[in-house]
Each structure stands twice: as C-alpha cells, then as structure tokens.
Protein chains: 2
Amino acid sequence: MPVTLRNIGLLATCRGEGPQAALHAIPAAALVWSGPLIAWAGAERDLPDAYRAVPSEDAGGALVVPGLVDCHTHLAFGGWRAGEFAERVLGRTYAEIAQAGGGIASTMRETRAASEDALLERARGFLDAMVRLGVTTVECKSGYGLNVEQELKLLRVYRRLAGESPVTIVPTLLGAHVVPPEYRDDRERYVSLLIEELIPAAARDGLAQACDVFVEGGAFTLDEARRILLAGKAAGLAPRLHADQLSDGGGAALAAEVGARSADHLEHVSADGIVALAESDVVAVSLPLASLYLRQAAMPARRLLDAGVAVAVATDFNPGSAPSYHLPLAMTLACILQGMTPAESLKGATLVAARALGLEATHGSLEAGRRADFAVIDAPDVEHWLYHFRPNACVRTVIGGTTAWAA
Amino acid sequence: MPVTLRNIGLLATCRGEGPQAALHAIPAAALVWSGPLIAWAGAERDLPDAYRAVPSEDAGGALVVPGLVDCHTHLAFGGWRAGEFAERVLGRTYAEIAQAGGGIASTMRETRAASEDALLERARGFLDAMVRLGVTTVECKSGYGLNVEQELKLLRVYRRLAGESPVTIVPTLLGAHVVPPEYRDDRERYVSLLIEELIPAAARDGLAQACDVFVEGGAFTLDEARRILLAGKAAGLAPRLHADQLSDGGGAALAAEVGARSADHLEHVSADGIVALAESDVVAVSLPLASLYLRQAAMPARRLLDAGVAVAVATDFNPGSAPSYHLPLAMTLACILQGMTPAESLKGATLVAARALGLEATHGSLEAGRRADFAVIDAPDVEHWLYHFRPNACVRTVIGGTTAWAA
C-alpha cells in the first residue's frame with residue numbers, strides 16, 4: 001500500500017541532470033512511496049488521484065532531502081585518541097605523533113585487542129547516531145587491523161552491521177592504510193600479503209566492495225598503490241584512494257589512471273591532478289572535518305567543481321583526524337572552508353556520494369523507482385539548513401520506506 | 001533538603017585558583033546541593049556522613065562540569081540572513097554585503113518590524129535549545145533596534161525572558177552596534193542620542209547591566225567608543241567592547257583604559273594590545289564561530305593566555321557572522337583554531353565567562369556556596385568531550401538545583 005507525504009515545504013530531489021548546484025527542488029511538494037521504493041515525487045497540486053486516496057502524512061512544511069550518504073568513514077575501531085587532540089592543539093603535528101607510535105598505529109593496537117562483538121557494539125552506536133542526523137547510507141573502511149585476520153574481522157563487523165541495520169552499508173578494504181610495524185623493515189612483504197592473500201580473501205567472501213589505498217609519504221607509494229588497486233580491481237573491488245592529503249603525491253592522476261570510483265582528501269591536489277580528474281569519472285571526496293581538525297588547507301573544491309569534477313562531501317569519521325560523524329557539520333564546513341554552495345554541498349552528500357559508492361542508480365536522489373531513503377529537515381530551504389548550524393536539524397529519517405528515527 | 005549526586009566519573013570544578021588550564025578536577029566525585037546552592041563538592045569517599053543519608057542520584061560515571069556560560073550573544077533578532085551565507089561562500093565579503101544594505105542593517109529592519117512578543121518567542125526557542133547543550137547563563141545584547149524605542153524593546157524581551165526562564169540572563173545595551181541608516185550623515189547626533197537618552201533610559205529601568213560598543217571601521221571610532229563607554233560606566237553599566245575584529249583598531253588598549261569587563265573578538269589584536277590587556281583585568285572573549293563563518297584569522301588565544309590574559313569562549317550567536325548557538329562547538333573550535341587546550345576552553349566557557357559578566361562570585365564554578373548550575377556530560381573527561389564532537393554530549397542540565405532538561 002503506498003504512503004503519501006504531503007505538505008512538503010521544499011523537496012530537494014537531487015536528480016542527476018545538470019551541474020552539481022542543480023537540486024531540482026520542488027516547492028509545495030508531495031512524495032509517495034510503496035514498500036522500499038519511491039512511487040512518485042512532484043508538486044502536491046500534481047499529485048495523481050490514485051495517490052490522494054492512500055494513507056497520508058503531513059511534513060508540516062519542512063524541507064525533505066534524500067537520505068544522506070556518508071561515503072567515507074572508518075566506522076569500526078578500538079579506543080580513542082583524545083590525548084593526541086590535546087597535543088596537536090599545542091602544536092605537535094600529525095606526522096610527529098605518528099612517528100612516536102601514536103596515530104593509526106595506536107588505533108591498530110586497540111582495534112586488534114578488541115573483540116568482534118565489542119567493535120560491532122560500538123559501530124552500532126555510531127550508526128544509530130548517524131541515522132538521527134538523516135544519514136541512510138554509510139561506507140565503512142577496514143584499515144585498523146593491518147593483517148589478514150584482523151582486517152577480515154573488521155569486514156565481518158560491517159557484514160553483521162549490514163545484516164541488522166536498515167542502513168545501506170558499503171564495506172571497503174583498506175588493508176593499505178599504513179604498513180604495520182611488524183613489516184616496517186620489509187614493506188614489500190606486506191604489499192604482497194595484501195595482493196596475494198587479503199584482497200582475494202575479502203573479494204572471495206564478498207566482504208568488501210571496494211579497495212582503498214592511503215597514498216602518502218608515511219603510507220604507500222604511487223607504485224605500490226597502483227599494484228594494490230589493480231589487484232583489487234581484478235578481484236572485483238572498485239578502486240578508491242586517499243590522495244594528496246598531506247602533500248601532493250600524484251594521487252589524483254593515479255585515481256584517473258586506474259579508473260577509481262573516488263579520490264578522497266585532495267587537500268594538496270595539483271593543477272595537473274585537477275585536469276586528470278576532470279577528464280575522468282572519478283569523484284573527488286571532500287573531507288572538511290579532517291582539514292579542520294588537522295588545521296590543514298582545505299580541498300580546493302571550488303576549483304574542482306569549476307573544472308567539472310563532481311565533489312562529494314563525507315565525514316572521514318575516525319578516532320584521529322576526524323573524530324566526528326556529524327555529516328551536516330561537514331556539509332556546512334564544505335561551504336565555509338571550500339567554497340561549495342549549500343546546494344552543491346547537499347548534492348555532494350547525496351547523489352554524488354552515492355556515485356562514489358557505485359550506487360547512483362538506486363540511492364542519493366528522490367525519483368520514482370529509487371529507494372525511499374529520505375530525511376525531513378526543520379528548515380525552509382537548503383541554504384538555511386546549512387547556514388544555521390544546530391545540534392540536529394533532522395526531525396525524521398526514513399530508510400527503505402520505513403521510519404528509522406523520528407524526533 | 002539536600003540532594004547528593006554520586007558516582008561522578010570526573011567533576012571539573014573550575015575553581016579559580018591557578019592558571020586557566022587548572023580545572024581542579026576530582027575523579028570519583030560527589031556533589032551535594034541544597035535548594036539553589038551547592039552545599040559540598042569533593043571525592044565521593046570524603047562525602048560527609050550527613051550527606052550520605054540524603055536522597056541521592058547516580059551520575060553513571062559521567063563527567064560533570066559547571067553550567068556553561070555563553071557570555072556573548074545577540075539572542076533576539078528578526079529574520080535570518082542565509083542568503084548572505086551563500087554569497088560569502090562564493091567570495092563576497094562581509095563588508096561588501098554590509099555596504100549593499102545587507103548585514104546588520106538588514107537584521108535591524110526585520111527586528112524593528114517584529115513585535116516584542118514575536119521576538120520573545122524566537123529567543124525562548126533558542127534559549128531552550130541552549131539549555132539542552134548544558135548552557136545555564138546567557139549574555140544577551142540589544143543592537144538590532146538602533147533607536148531608543150527599538151533598543152528598549154529588545155531589552156524588554158530579555159527582561160521577560162529572565163522572568164520566565166531559570167537561565168541567568170545578563171542583558172547588555174549594544175545601541176552602538178552600527179550607526180543606523182537614518183543617522184548616516186550625522187553620526188554625532190546618534191552618539192549624542194546614545195549618551196543622552198538611550199544609556200540613561202536603559203540604566204534607569206535596570207534593563208541593562210553592561211554597555212557594549214562595536215569599534216571598527218564601519219561602526220564606531222575609538223573616540224566615539226570612549227565617550228559612549230564612559231557615559232555608560234557613569235550610569236552604572238559595565239563597559240564591554242567588540243574590538244579588533246576585522247582590523248587592529250586599538251580596541252584592546254581602549255578596553256584596558258576604560259576598565260572594561262571584556263574585549264571581545266580580538267582577531268587582529270596587536271602586540272601592544274595584548275600587553276595592555278595583560279596589565280588589566282579585562283577578559284578577552286574569543287568567538288571562534290564568527291572567525292570560522294567569516295573565514296577570518298582566529299583570535300591568537302594562545303598568545304593571550306601565555307601573556308597572562310584570561311580568555312573566555314562564547315558563541316557570538318547572531319543571524320549574520322555566527323548563526324549557531326552551539327557553545328560546545330565553539331569550545332572545540334577554540335582548541336582547534338586558537339590553540340586553547342580543552343581545559344582552558346572549558347574554564348573559558350564557565351568561570352572566565354562568568355568573570356566577563358561580573359558573576360564570578362556566584363556562577364561558573366562548582367564549590368560550596370556557589371549556584372548549583374551544572375551539566376552532566378557523556379564523556380570520560382574534558383579532552384574526550386571536546387575532541388569527539390557530537391550533536392549533543394550533554395545528558396542533563398541542572399539550574400539552581402533544579403533539572404532544567406534531561407535526555
């Protein structure tokens with residue numbers, strides 16, 4: 001039986017045509033869904049008679065947007081790193097902290113020590129909080145296990161989460177996050193382990209959909225990344241990259257070369273890198289919370305958009321550089337720090353983010369036939385929502401046609 | 001009858017002795033209050049027998065902090081300015097927008113057009129949301145009326161709010177926000193109006209406790225500010241300044257000269273200005289949300305603290321440069337953007353903020369005899385709270401011994 005949501009003040013459909021700033025927003029709108037899918041979306045005055053007779057709900061004049069898609073998170077991890085935050089405030093750098101055994105290696109130790117059940121319980125708590133913010137799809141990376149057994153443990157956490165939650169979970173293998181300490185003197189052995197054991201195991205069991213590599217001075221070289229990403233691709237895992245975050249390392253060009261779904265971070269992307277991305281189908285994923293927390297230059301999103309690159313917005317939620325899962329805050333920061341308009345930021349956290357996950361045919365926009373994933377926002381329009389930052393402006397989250405949360 | 005809160009994981013008392021980083025935090029603590037005042041605070045094992053027998057509540061191991069003090073807000077205003085946000089994102093400056101009739105003048109028009117009742121209802125909604133974040137004291141500025149009748153209207157809104165809310169409201173006259181358009185060609189007449197009519201009226205009716213001036217190119221000169229602040233002081237209104245926000249205008253030195261309670265903003269304070277503040281009792285009020293939203297350099301809070309200046313943290317909540325009342329976000333930003341430690345940031349939003357309001361003898365710290373205003377925070381310690389930014393980590397707000405909000 002279909003359900004009609006009437007009296008929508010503004011329906012930001014986020015359909016794909018046109019530039020990223022085109023939200024194809026409809027004032028005084030209605031939205032009809034049937035089971036998990038949208039049956040109709042449009043101006044309420046055009047509502048077909050058939051849908052006027054079905055049970056209806058009142059949106060109270062609110063803004064309705066597609067369910068938010070957080071396309072870059074490190075959702076499952078052990079421990080926290082609040083002490084490093086206090087150190088960075090006083091001037092210690094992320095690199096210095098990593099060299100002293102902190103950073104990713106610190107979370108790796110706590111993640112390895114945690115049970116699968118304990119990691120699942122924590123990740124579930126984060127996910128529930130994200131749903132209350134209007135998030136309905138979450139990409140989840142491994143990357144704190146850093147050996148075959150521990151990386152697969154993290155991916156199993158995500159599989160169990162996907163089984164119990166209405167949220168669409170997209171698991172990504174990030175075995176190539178950093179070279180773990182036990183392979184420090186033989187990084188080639190670790191790269192081989194990834195290519196010969198971990199990637200095949202993750203792909204064989206369907207535990208991951210994508211394969212990600214952190215390309216950076218302290219992590220993996222361009223050549224290593226190319227080998228890992230191509231091995232992943234051959235095994236059916238879509239390539240993604242952490243690229244040009246702390247320095248320009250040529251990651252953007254590599255993303256284009258290997259046909260990656262996304263190049264993420266890009267705080268230091270070069271002019272050539274922007275050209276390479278513009279000539280490809282790679283989505284640039286902006287992570288302004290990480291830029292803020294690390295006091296880095298932000299990704300030049302305005303330049304990327306003006307060059308024709310699609311720019312997604314995500315949280316990068318992790319216990320070090322971006323210890324917040326607040327995607328609407330990231331969207332506001334994308335406007336302030338990166339020159340994205342509120343409309344571009346919203347499309348970046350919905351349809352464009354879905355594209356970075358290979359889900360653009362089903363997720364991220366409100367059109368007949370797409371998933372009935374949407375958020376009801378207490379704001380008259382997108383500009384007001386992202387400008388007037390509040391703890392939570394979302395009043396209701398619907399996933400697959402079912403209310404997952406309501407204020 | 002006293003009430004005892006037991007099983008406090010960490011009680012950050014924020015007592016005044018020592019540097020701003022000294023929170024005098026007590027692990028495994030208890031807190032006793034009787035009516036609106038604290039009767040006892042200390043380690044739970046030291047709880048006097050008399051307080052073991054009274055009704056007790058369990059804090060579940062949470063962090064307990066003094067009720068937050070937002071010592072700089074423009075709480076009551078008409079309209080919003082989301083459109084300006086979208087323009088600034090694309091590169092238009094705050095000054096350009098103001099020259100085109102936007103900015104403060106735009107909010108002035110909408111505030112003048114709004115009824116006292118309508119302004120009260122909106123301000124009440126913001127205040128309720130602030131209480132849920134753990135805020136228990138709020139300074140409220142006029143400044144969008146900009147004539148005698150309209151400024152007094154705003155101050156009456158705050159008086160009514162103080163009468164109905166448990167929150168401690170501190171009203172400030174900011175008639176000298178900008179020169180209103182009708183006096184543009186005769187600013188001296190507006191300054192005279194402030195000195196001869198508005199200040200006496202606000203002081204006579206007890207509608208304001210402080211008098212604030214925006215010292216800046218497009219607002220008031222140093223000489224005008226001095227005359228206004230001294231007239232206010234003579235009438236019993238404590239001086240405060242918006243100083244050195246968009247440029248170094250000598251505001252810090254003027255604050256010291258007139259014995260101001262606070263100099264606020266200070267993004268561009270000079271080295272001489274820092275020395276002047278350090279030799280005075282003026283509190284520097286940091287407003288990192290405004291710095292963020294305007295993409296300005298942040299106040300050099302680290303240098304001010306190291307020079308011996310007390311630095312408060314506040315939201316600057318207003319519809320233009322800081323459209324968020326999220327004080328914990330401002331506290332996190334004070335760490336990230338200004339080099340304050342989490343401990344300094346908390347003391348800056350409690351005891352030091354209370355000092356900027358002349359309330360340090362009663363508000364802002366948890367000690368016997370002080371007000372029983374406190375917030376229960378879901379975090380193991382202050383570092384974790386301000387590092388792991390969440391929509392709202394506050395689970396309970398107590399004002400004057402009574403629970404004003406609980407999750």
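Caption draft 1: Inspection of the packing of aromatic side chains at higher detail. Under the counting rule described, the total for this entry stands at 29 aromatic pairs over all chains. One residue, B:Arg187, lies across the ring of B:Phe220, its end atom 5.8 Å from the ring centre.

Caption draft 2: Region of the structure containing the relation of the copies chain A and chain B. Of the transformation placing chain A onto chain B, the axial shift is 0.0 Å and the rotation is 180°, giving an RMSD of 0.0 Å. Expressed as an axis order, the relation between the two copies is that of a two-fold axis. Looking at the rotation axis and the C-alpha trace of chain A, the residue lying nearest is A:Pro391, at 2.2 Å. When the interface residues of chain A are mapped onto chain B, 100% of them again fall at the interface, so both copies present the same face.

Caption draft 3: Summary view of the state of the cysteines. All names here are of chain A. Scanning the model with the defined rule gives zero disulfides over all chains in all. Between Cys211, a free cysteine, and Cys140, which holds the nearest cysteine sulfur, the sulfur-to-sulfur gap is 16 Å. On the basis of relative accessibility, which here comes to 2%, the residue Cys211 falls in the buried class.

Caption draft 4: Quick look at the sheet that holds strand S10 (residues 238–243) of chain B. All names here are of chain B. Read across the sheet, eight strands follow the order S6-S7-S8-S9-S10-S11-S12-S13 without closing on themselves; strand pairing throughout is parallel. Each edge of the sheet is formed by a strand with only one pairing partner; in this case those strands are strand S6 (68–70) and strand S13 (311–313). Averaged over all adjacent pairs, the angle separating strand axes in this sheet is 25°, with direction ignored. Where strand S11 (residues 262–265) meets strand S12 (residues 283–286), three bridges bridge the pair, whose relative direction is parallel.

Caption draft 5: Just the packing of helix H8 (residues 222–234) of chain A against helix H9 (residues 251–258) of chain A, in detail. Residue and element names in this part refer to chain A. The contact between H8 and H9 brings their axes to 11 Å, and the two run at 25°. With respect to their mutual orientation, H8 and H9 come out roughly parallel. Viewed along their axes, H8 and H9 form a crossing whose handedness is right-handed. The residues of H9 that touch H8, namely those facing Leu222, Ala225, Arg226, Leu229, Leu230 and Lys233, are Gly251, Leu254, Glu257 and Val258. Of the residues contributing to the contact of H8 with H9, the split by class is six nonpolar, one polar and three charged.

Caption draft 6: Geometry of unusual backbone geometry. Residue and element names in this part refer to chain B. Of note in the backbone geometry, Asn7 takes a positive phi value of approximately 55° without being a glycine. As for its position among the elements, Asn7 is in strand S1 (residues 3–12). Relative accessible area serves as the criterion here: at 33%, Asn7 is assigned to the partly exposed category. A positive phi angle is found at Arg295, which is not glycine, with a value near 55°. As for its position among the elements, Arg295 is in the loop between helix H11 (288–293) and helix H12 (301–306).

Caption draft 7: A look at the pattern of salt bridges. Residue and element names in this part refer to chain A. Tallied over the full model, the rule gives 49 salt bridges over all chains. With a shortest N-O distance of 2.2 Å, Glu17 and Arg15 are connected by a salt bridge. Residue Glu17 is classed as partly exposed on the basis of its relative accessible area, which comes to 41%. What makes Arg15 partly exposed here is its relative accessible area of 26%. When the shortest N-O distance is used, the salt bridge between Lys141 and Glu139 registers 2.8 Å. As far as the burial class goes, Lys141 and Glu139 line up, both buried.

Caption draft 8: Local environment of helix H8 (residues 222–234) of chain B. Residues and elements named next belong to chain B. For H8, built from 13 residues, the straight-helix expectation of 18 Å at 1.5 Å per residue is met to within 8% by its first-to-last C-alpha distance of 18 Å. Considered for burial, the residues of H8 that qualify are Glu224, Ala225, Ile228, Leu229, Ala231 and Gly232. The buried residues of H8 occupy one face: seen down the axis, they fall within an arc of 160°. In H8, the exposed positions that point more than 90 degrees away from the buried face belong to Asp223 and Ala234. In this structure, the buried residues of H8 make contact with strand S8 (168–176), helix H7 (187–204), strand S9 (210–214), S10 and helix H9 (251–257). Where H8 terminates, the next one or two residues include Gly236, which has phi positive at roughly 95°.

Caption draft 9: Representation of the domain arrangement of chain A in the model. All names here are of chain A. One can read the domain layout of chain A as domain 1 (3–66 + 364–406) and domain 2 (68–356). A straight line from the C-alpha centre of domain 1 to that of domain 2 covers 29 Å. Taken together, the contact pairs 33 residues of domain 1 with 33 residues of domain 2. If you look at where domain 1 meets domain 2, you find zero salt bridges. For the pair domain 1 and domain 2, the number of links is 10 residue pairs in polar contact (both at pLDDT 80 or more).

Cut-off values and rules
- Residues numbered from 1 in each chain as written.
- Chains lettered and ligands numbered in written order.
- Predicted model: local features only at pLDDT ≥ 70, side-chain atom pairs only at ≥ 80, totals over all residues.
- Heavy atoms only, no water.
- Phe/Tyr/Trp six-rings, centres within 6.5 Å; stacked < 30°, edge-to-face > 60°.
- Lys NZ or Arg CZ within 6 Å of the ring centre and 35° of its normal.
- Least-squares fit on C-alpha atoms with pLDDT ≥ 70 in both.
- Contact = heavy atoms within 4.5 Å.
- Disulfide = S-S within 2.5 Å.
- Buried < 20%, exposed > 50% of the residue type's maximum accessible area, 1.4 Å probe, protein only.
- Pairing = 2+ DSSP bridges.
- Helix = DSSP H or I, 4+ residues; strand = E, 2+ residues; numbered from the N terminus.
- Axes fitted to C-alpha atoms, helices over the stretch in contact; angles between N-to-C directions.
- Parallel < 35°, antiparallel > 145°, perpendicular 65-115°, else oblique.
- Left-handed = near helix turned anticlockwise from the far one by under 90°.
- Nonpolar A, V, L, I, M, F, W, Y, C, P; charged D, E, K, R; others polar.
- Salt bridge = Lys/Arg side-chain N within 4 Å of Asp/Glu carboxyl O.
- Expected span 1.5 Å × (residues − 1).
- Arc of directions from axis to C-beta.
- Domains from an automatic or database assignment.
- Polar contact = N/O pair within 3.5 Å; in protein donor to acceptor, adjacent residues only side chain to side chain.

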